[in-house]
Amino acid sequence: MELIQNTPDLSAYLAADEVIDHHHPVVRETVARLARRAADSYAYAQAAYEFVRDTIPHSADSGDPRVTWRASVVLEQRTGICYAKAHALAALLRAEDIPTALCYQRLAQDDGDGHVVHGLVAVRFNGAWHRQDPRGNKPGVDARFSLDGERLAWVPDEKSNEVDYPVLYAEPHPAVLGALKAAPDRPYLWKTLPTAL
């Protein structure tokens, strides 16, 4: 699949905004801690990915009812669904001048009742985009950081009307951000998640 930037301006994938607030002190402290142990930008990107994947539980897996969406809050509260974790990873990477996009998949619900949009990121290394999924591993999910072939949590099944969306967004998709901001808790959010983009 060919990934398509929604803006040709690569600097948009380094920008800070209200969601990917990479100038926030909590983000900067996390960046400094991770960067101390990284020999280069690739090692840093992998460390940031593994930090978000492994130390910030996916709120559906942990049962946490809180809804987070701003990167600094995700890092501070250590909880979030896939979108929130993607926002946190994007902030950590952009803070170190690694272009990072938000991207999405449409997947079947676990209970087989309809579809839901799943969030992940793409990083730009060596002139190409590489998708990464920091949602967090669990039985049946073994996502890994990779620039040599995708190691995502899920591969969409076309027969089940699942989709890999090719667009790389510099900012969160409005449907995603709207659902996150409107939800008072995760049970409510689960009923209002986007089913397609």
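The following paragraphs examine the structure supplied in this document. For every chain, the first residue of the written sequence is number 1, and numbering continues from 1 onward in sequence order. It should be noted that, the model being predicted, local features are given only for residues of pLDDT at least 70 and side-chain atom pairs only at 80 or more, the latter also being counted only at that level, while totals for whole chains, interfaces and linings use all residues. Computation of side-chain values covers all heavy atoms of the structure but excludes hydrogens and water.

Focus on helix 1 (residues 25-36)
Within an α-helix, residues lying three or four positions from one another point in the same direction, as the helix has 3.6 residues per turn.
Working step 1: Helix and strand definitions follow DSSP, with helices as H or I runs of at least four residues and strands as E runs of at least two, each counted in order from the N terminus. Between the first and last residue of a helix there are one fewer steps than residues, each counted as 1.5 Å, and that sum is the expected span. An ideal rise of 1.5 Å per residue puts 16 Å on 12 residues; helix 1 measures up with 16 Å between its terminal C-alpha atoms.
Working step 2: Val-26, Val-27, Thr-30, Val-31 and Leu-34 are the residues of helix 1 that are buried. Down the axis of helix 1, the buried side of the element spans an arc of 135°, and every buried residue falls inside it. Exposed positions of helix 1 whose direction lies more than 90 degrees from the buried face are Glu-29 and Arg-36. Think of it in three bands: residues with accessible area under 20% of the maximum for their type are buried, residues over 50% are exposed, and the middle band is partly exposed, with areas taken using a 1.4 Å probe on protein chains only. To obtain the arc, one takes the directions from the helix axis to the C-beta atoms.

Some thoughts on the nonpolar core
Working step 1: We define a nonpolar core as any set of buried Ala, Val, Leu, Ile, Met, Phe, Trp, Tyr and Cys residues linked to one another through side-chain atoms lying within 4.5 Å. Core analysis: the largest hydrophobic core is formed by 51 residues, its most contacted members being Tyr-44, Leu-75, Tyr-83, Leu-92, Leu-93, Leu-102 and Tyr-104.
Working step 2: Counting residues per element, the ones that place at least two in this core are helix 1, helix 2 (41-55), helix 4 (71-77), helix 5 (82-94), strand 2 (100-108), strand 3 (115-125) and helix 6 (174-182).
Working step 3: For this core, the leading source of residues is helix 5, giving 10 residues.
Working step 4: Residues are treated as being in contact if the distance between any of their heavy atoms lies within 4.5 Å. When neighbours within four sequence positions are excluded, Tyr-104 is seen to be in contact with Tyr-83, Val-117, His-118, Gly-119, Leu-120, Asp-164, Tyr-165, Tyr-169, Pro-172, His-173, Val-176 and Leu-197.
Working step 5: Residues Ala-101, Cys-103, Leu-152 and Leu-168 belong to the second largest nonpolar core, which totals 11 residues.

Quick look at the packing of aromatic side chains
Working step 1: Note on aromatic pairs: the rings of Phe, Tyr and Trp (six-membered ring only in Trp) are paired at centre separations within 6.5 Å, and the planes decide the class, stacked below 30 degrees, edge-to-face beyond 60, tilted for the rest. Considering all chains together, one arrives at six aromatic pairs under this definition.
Working step 2: Here a set of aromatic residues connected by ring pairs shows up, and it is made of Tyr-42, Tyr-49, Phe-125 and Phe-145.

Concerning the pairing of strand 3
Working step 1: With respect to burial, strand 3 is a largely interior element, 10 of its 11 residues being buried.
Working step 2: The pairing of strand 2 with strand 3 spans nine bridges and is classified as antiparallel. Residue pairing for strand 3: Gln-105 is matched across the bridge by His-118.
Working step 3: Two strands form a pair only when DSSP identifies at least two bridges running between them. Inspection of the sheet shows strand 3 paired to strand 4 (residues 128-132) by five bridges, in the antiparallel sense. In the sheet register, Phe-125 faces strand 4, and the bridge partner there is Ala-128.

Details of the packing of helix 2 against helix 5
Working step 1: Between N-to-C directions, angles span 0 to 180 degrees; the directions come from axes that are lines fitted to C-alpha atoms, helices contributing only their stretch in contact. Contact pair helix 2 / helix 5: the axes reach a minimum separation of 10 Å and the direction vectors enclose 155°. In terms of orientation, helix 2 and helix 5 fall into the roughly antiparallel class. Of the two elements, helix 2 crosses helix 5, and the hand of that crossing is right-handed. Across the interface between the two elements, Tyr-44, Ala-45, Ala-48, Tyr-49, Phe-51, Val-52 and Arg-53 of helix 2 pack against Lys-85, Ala-88, Leu-89, Leu-92 and Leu-93 of helix 5.
Working step 2: When the residues that make up the contact of helix 2 with helix 5 are grouped by side-chain class, the tally is 10 nonpolar, no polar and two charged. Convention used here: angles under 35 degrees read as roughly parallel, angles over 145 as roughly antiparallel, angles from 65 to 115 as roughly perpendicular, and any remaining angle as oblique. We call a crossing left-handed when the near helix sits turned anticlockwise from the far one by less than a right angle, and right-handed when that turn is clockwise. Side-chain classes follow a simple rule in which Ala, Val, Leu, Ile, Met, Phe, Trp, Tyr, Cys and Pro form the nonpolar group, Asp, Glu, Lys and Arg form the charged group, and the remainder, Gly included, forms the polar group.

Interpretation in functional terms is not warranted from these geometric data alone.
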